[in-house]
Amino acid sequence: MLAVHLVSFYFAKLKEDQIKKVDRFLYGMRLSDEQLKDIMVRFRREMEKGLNSETNLTSTLKMLPTHVRSTPDRSEKGEFLALDLGGSKFKVLQVKVSEDGKQNVEMDSQVYPMPEEIMSGKGSDLFLHVAECLKDFMQKRQIHKKQQPLGFTFAFPCRQNNLVDGELISWTKNYKARGVQGTSVVDALQKAVQNVGGIDVDVLAVVNDTVATMMTCGYDDQYCEVGVIVGTGTNACYMEELRHIDLVEGDEGRMCINTEWGAFGDDGSLEDFCTEFDRDIDLASINPGKQLFEKMISGLYMGELVRIILVKMAKKGLLFKGMMSDSLRTKGKLKTADVAEMEKYKEGLSNTKQILTKLDLDPSEDDCIAVQHVCTIVSFRSANLCAAALAAILTRIRENKKVKRLRTTVGMDGTVYKTHPQFAKRLHKVVRRLAPDCDVRFLLSESGSAKGAAMVTAVAYRLVSKRLAIDETLAPFKLNQQQLQMVKQKMRVELECGLKKDTHYTASVKMLPSYVRGTPDGTERGNFLALDLGGTNFRVLVVKIRSGLRKSVRMYNKIYAIPLEIMQGTGEELFDHIVQCISDFLDYMGMKNTRLPLGFTFSFPCRQTGIDKGTLISWTKGFKATDCEGQDVVDMLREGIKRRNEFDLDIVAVVNDTVGTMMTCAYEDPKCEIGLIVGTGSNACYMEEMKNIETVEGDEGRMCVNTEWGGFGDNGCIEYLRTRFDREVDEQSLNAGKQRYEKMTSGMYLGEIVRQILLDLTRRGLLFRGQISERLRTRGIFETKFLSQIESDRLALLQVRGILQQLGLDSTCDDSIIVKEVCGVVSRRAAQLCGAGMAAIVDKMRENRGLEHLEITVGVDGTLYKLHPHFSRILKETVRELAPHCDVTFVLSEDGSGKGAALITAVAKRINSAA
């Protein structure tokens, strides 16, 4: 028993001694976590340089854009061919992706040899060989008689201008075919196919093998956004935010970047981690000084690296009693597959003895232990280096997404990763240690990278058909110059009809006289009460106007809510609520016993017979209070005040909010003679010549006309512009068939138009994976404020996804891009239509005044105009294009239409006292 223990102790001691001996000899190859984190920092720095157009040429990581913008979403279908070229053999596949909704992928493949003389011969011969093998494959399967879509996995560094244009930068992995570098590999393949004859293929994509691996795994796991190969060579790709890729145009979405990480360190940045053995490997290679990171990691070099170490150890008498064989001295005699065999858990030592014996060596037990440990250190360093680079990529993805923890999947392929018994486990462990905030799943690509090329092709097919469907859906919203000119002309016709007695009642633009005959002249003064009703909020103000050299306007106000049940109850309830709010405000201001002149901003279509008389024509903006339409709103307000019997007011003027906005801006700018509101609703007013207003007596001077242009088109004159989505929104509204122009231009409806489009695209499987959430089915859930947020230039797609998630919409990056595009076309059309309407007004004013050139100011208010990031710019551009003889300045009304109501009251008092 004692003897057994002694033998066991002796063997353990022997093993420990041998391991220590190897550790001392290979101390430079054993990397601590601190060293690996240092490598991560260097790798991140090179990534940044590679993505930047100014520093890309100096970076060892070329960060090549692949023009692959999307991973599979499992809606792909069809039949595709794939080629996989990148080693001593290449593969041809036929891939069938099912159409039955089960996402089945059937593959039929054949492997063809790539002779060494072809790998190092003429480039034309190489591609001719590939084409002949492709022809053989197609003829055997009788698929050569019609054109076949093909994806080409080309596992070498390529600079791509698009998905089908890849120029070879440099050969790797012992390939050195002449005349290919700097040329298009797809052109070379297609030329060879033509020369071979008898087959017809349409190459839709050329991709790197890492990209293909990512796409293969991405079909099975939609979280897959990284592809890594550790085989004959090594490389990685990942999905990068497009806004960070200087080398291609565009900021929206993501694109797969082929890092070409094999060249990391070619600038000497890894010199302190390179050993004498690495330098020997490099000097003996066909590309000295290049692909240094790959030479420390990949299967092409791992076996040779171990052989060189064994030779040096033997020379120093540390192995084989200082004896060497010719086989051990021969380059390439020890394969990476041998390294894997020697590291097997149970039979590793016996395998080591067999392999060394085949090399004509006579290894002792301690030699076998030492050699096995050499293999472990070399392969462990390989896994560590891969882990550091991969952890750097994962950390970048997490930071790009601005998340505390990243859930992601890495697609893996390559013989070293697949066949080495310890490599995968070591890699996984170190990655998770170096990137603790990343929950990483490693998914083995069972089908190889050729399936990935087919998947890229399938995705390209899907994206093309999806793009066509989306373009077709959104095309009616994209208005050209001719269409906008037509809108301007039709608006002009309706303006004229609304002013004439004979056609006023049939015109869709009512052109309501406001009885406001002048703008402020600076002499207005006094204290005024103002009311502002036009949406779900109601405002009461006291406005103190001072004239003279130091003219000023001071305002005190409170905002009150108008509950939905009041908006849609009876008229008496509505005006009682308004009077209650006034009473509360007067108490708040301590002015209950003061009889102030009052201006009432009432932002709904009214027919006025005087400045203090306004008959409601129809409710808009969601109001439906009964017994109001056809009634004088001033009388209804007076009746409400009488019922409460707490105070009395001098109601001087009832005005539209556009008129109030114009007057507010005119107080500062005498050229302001137009008011525009683009908020919950949309409307405009302007100063018209009295002689043109047939519905009012008198020919002298001017009067402000409230166009009520929201009803433009209610007579069908712009029906050709309305889309099926506009009609859907109209039919579901409280006033179907009315305010059609407003429903295409105002904040109350734009979000609902967007929701209808998103619903349609989702039903057709073009958005949100075809899954319609209950939130998306809910009317009004997509508020117009979301358009403003989503279209902000400063907003990353990640934040867009956050907004959509608040709405219960689980979007991908591609979904977010489409939603942003939908918002953009809807809001752009709204701004253009408003611009066309405004162009009609300013051109009419110019012609009224007999001017060749008009300089005029428009006072503007409304949340859509104020808050949307692009609306005001597009509106101004449209006016400039459609009314080139008018110099139009837009001034934002900071104080709103309540101040305008007070100013109108003051102007009316001034004019009345003068009379």
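Just so it is clear, the model here is predicted, and its values are computed rather than measured.

**Quick word on the overall build of the protein chain**
Consideration 1: Along the backbone of the protein chain there are 31 helices and 26 strands.
Consideration 2: Within the protein chain, the proportion of its 915 residues that are buried is 59%.
Consideration 3: Restricting the contact set of the protein chain to residue pairs at least 6 apart, pairs at least 24 apart contribute 71%.
Consideration 4: Averaging the locations of the 125 positively and 124 negatively charged side chains of the protein chain gives two centres separated by 3 Å.

**Quick look at helix H20 (residues 633-644)**
Consideration 1: For H20, which comprises twelve residues, the first-to-last C-alpha distance of 17 Å matches the rise-based estimate of 16 Å (1.5 Å per residue) to within 8%.
Consideration 2: Those residues of H20 not exposed but buried are Val633, Val634, Met636, Leu637, Gly640 and Ile641. The buried side chains of H20 occupy one side of the element, clustering within an arc of 165° when seen end-on.
Consideration 3: Lining the buried residues of H20 we find strand S15 (526-533), helix H19 (571-589), strand S18 (597-602), strand S19 (606-610), strand S20 (613-616) and strand S21 (650-655).

**Some words on the pairing of strand S16 (residues 537-546)**
Consideration 1: Of all ten residues in S16, seven are buried, a share of seventy percent or more.
Consideration 2: Relative to S16, S15 runs antiparallel, the two sharing eight bridges. The partner of leucine 529 across the bridge, within S16, is valine 542.
Consideration 3: Examined bridge by bridge, S16 and strand S17 (residues 552-561) share ten bridges and lie antiparallel to one another. The partner of valine 540 across the bridge, within S17, is lysine 558.

**Here we look at the pattern of salt bridges**
Consideration 1: With the rule as written, the count across this model stands at 65 salt bridges.
Consideration 2: The shortest N-O distance in the salt bridge between aspartate 576 and arginine 643 comes to 2.9 Å. Pair noted here: aspartate 576 is in helix H19 and arginine 643 is in helix H20, with a separation of 67 residues, a long-range link.
Consideration 3: Given a relative accessible area of 29%, aspartate 576 falls into the partly exposed group.
Consideration 4: We classify arginine 643 as partly exposed; its relative accessible area is 41%.
Consideration 5: Notably, a salt bridge pairs glutamate 689 with arginine 702, separated by 3.0 Å at the nearest N-O pair.

**What about the packing of aromatic side chains?**
Consideration 1: Taken as a whole and judged by the stated rule, the model has 23 aromatic pairs.
Consideration 2: A centroid spacing of 5.2 Å and a plane angle of 75° characterise the contact between phenylalanine 712 and tyrosine 741, whose relative ring orientation is edge-to-face. With phenylalanine 712 in the loop between strand S24 (702-706) and helix H22 (724-731) and tyrosine 741 in helix H23 (residues 740-745), this residue pair connects regions lying 29 residues apart in the sequence.
Consideration 3: For phenylalanine 712, a relative accessible area of 0% gives the class buried.
Consideration 4: One aromatic cluster in this structure is built from Phe152, Phe154, Phe156, Trp171 and Tyr175.

**As for the packing of helix H17 (residues 481-499) against helix H30 (residues 871-882)**
Consideration 1: At a closest axis distance of 11 Å, the pairing of H17 and H30 adopts a crossing angle of 80°. One way to sum up the angle between H17 and H30 is to call them roughly perpendicular. Residue-level inspection shows Gln481, Leu484, Gln485 and Lys488 of H17 in contact with H30, the latter providing Thr878, Glu881 and Leu882.

**Quick look at the side chain of serine 325**
Consideration 1: Its location among the elements puts serine 325 in the loop between helix H9 (299-315) and helix H10 (326-329).
Consideration 2: Filtering out sequence-adjacent residues up to four positions away, serine 325 remains in contact with Leu359, Asp360 and Leu361.

**Comments concerning unusual backbone geometry**
The phi torsion of most residues other than glycine is negative, and most of the peptide bonds are trans.
Consideration 1: With a phi angle near 55°, glutamine 291 is a residue other than glycine that sits in the positive phi range.
Consideration 2: In this structure glutamine 291 comes out as buried when scored by relative accessible area, which is 9%.
Consideration 3: The phi dihedral of glutamine 739 is positive, around 55°, even though this residue is not glycine.
Consideration 4: Note on placement: glutamine 739 falls in the loop between H22 and H23.

**Examining the environment of asparagine 195**
Consideration 1: Relative to the elements of secondary structure, asparagine 195 occurs in helix H5 (residues 185-196).
Consideration 2: Relative accessible area serves as the criterion here: at 56%, asparagine 195 is assigned to the exposed category.

**Considering the side chain of asparagine 287**
Consideration 1: Note that asparagine 287 resides in the loop between helix H7 (276-283) and helix H8 (292-295).
Consideration 2: Reaching out from asparagine 287, the side chain makes a polar contact with the side chain of serine 285 at a distance of 3.3 Å.
Consideration 3: Apart from the residues lying within four places of it in its own chain, the contact partners of asparagine 287 are Asp282, Lys295 and Tyr301.

**Points about the confidence of the model for the protein chain**
Residues shown with low pLDDT carry predicted positions that ought not to be read at fine detail.
Consideration 1: For the protein chain, the average pLDDT comes to 88, and 96% of its residues sit at 70 or higher.
Consideration 2: Mean pLDDT per element in the protein chain: helix H1 (residues 2-25) is the minimum at 62, and H30 is the maximum at 97.
Consideration 3: Overall, residues 1-11 carries pLDDT values under 50, and its contacts beyond four positions in sequence, including any with other chains, amount to three contacts.

**With respect to the sheet that holds strand S25 (residues 854-861)**
Consideration 1: Sheet architecture is open: six strands sit in the order S14-S24-S23-S22-S25-S26, paired in mixed fashion. This sheet does not close on itself; its edge strands, each paired only once, are strand S14 (512-513) and strand S26 (886-892).
Consideration 2: Relative to S26, S25 runs parallel, the two sharing seven bridges. Looking at S26, one finds that isoleucine 856 is bridged to valine 888.
Consideration 3: Packing against the sheet, helix H28 (residues 813-848) makes contact with strand S22 (672-678), strand S23 (682-689), S25 and S26, and its axis sits at approximately 5° to S23.

**A closer look at the sheet that holds strand S9 (residues 224-230)**
Consideration 1: The strand order S1-S11-S10-S9-S12-S13 describes an open sheet built from six strands, whose pairing is mixed. Two strands close off the open sheet at either side, each with one partner strand: strand S1 (64-65) and strand S13 (438-444).
Consideration 2: Looking at chain direction, strand S10 (residues 234-241) and strand S11 (residues 254-258) are connected through five bridges and run antiparallel. Paired with glutamate 241 across the two strands is arginine 254, which belongs to S11.
Consideration 3: Contacts from helix H6 (residues 209-220) reach S9, S10, S11, strand S12 (406-413) and S13, with the element oriented near 130° to S9.
Consideration 4: Taken strand by strand, helix H15 (residues 423-434) contacts S9, S12 and S13, and its axis lies near 160° from that of S13.

**Describing the nonpolar core**
Consideration 1: Of all hydrophobic cores here, the largest spans 113 residues; its most connected members are Leu676, Phe782, Met838 and Phe890.
Consideration 2: No other element matches H28, which puts 17 residues into this core.
Consideration 3: In contact with methionine 838, not counting residues within four places along its chain, are Ile674, Leu676, Ala684, Trp709, Val858, Val879 and Phe890.
Consideration 4: Judged by nonpolar contacts, the second largest core, of 88 residues, contains Met47, Val228, Met313 and Val431.

**Regarding helix H12 (residues 348-358)**
Consideration 1: When H12 is considered as a whole, its buried residues turn out to be Gly348, Asn351, Thr352, Ile355 and Leu356. One side of H12 holds all its buried residues, which, seen down the axis, span an arc of 130°.
Consideration 2: Buried-residue contacts for H12 involve H9, helix H11 (336-342) and helix H13 (365-401).
Consideration 3: Within two residues after H12, aspartate 360 carries a phi angle of roughly 65°, on the positive side.

**Side note on the pairing of S15**
Consideration 1: A large share of S15 lies buried, amounting to six of its eight residues.
Consideration 2: Both S15 and S18 contribute to a ladder of five bridges, which runs parallel. Pairing of aspartate 532 across the sheet is with threonine 601, part of S18.

Rules of the game
Residues numbered from 1 in each chain as written. Predicted model: local features only at pLDDT ≥ 70, side-chain atom pairs only at ≥ 80, totals over all residues. Heavy atoms only, no water. Helix = DSSP H or I, 4+ residues; strand = E, 2+ residues; numbered from the N terminus. Buried < 20%, exposed > 50% of the residue type's maximum accessible area, 1.4 Å probe, protein only. Contact = heavy atoms within 4.5 Å. Lys, Arg positive; Asp, Glu negative; His and termini not counted. Charge placed at Lys NZ, Arg CZ, Asp CG, Glu CD. Expected span 1.5 Å × (residues − 1). Arc of directions from axis to C-beta. Pairing = 2+ DSSP bridges. Salt bridge = Lys/Arg side-chain N within 4 Å of Asp/Glu carboxyl O. Phe/Tyr/Trp six-rings, centres within 6.5 Å; stacked < 30°, edge-to-face > 60°. Axes fitted to C-alpha atoms, helices over the stretch in contact; angles between N-to-C directions. Parallel < 35°, antiparallel > 145°, perpendicular 65-115°, else oblique. Polar contact = N/O pair within 3.5 Å; in protein donor to acceptor, adjacent residues only side chain to side chain. pLDDT = per-residue confidence, 0-100. Core = buried A, V, L, I, M, F, W, Y, C linked by side-chain atoms within 4.5 Å.

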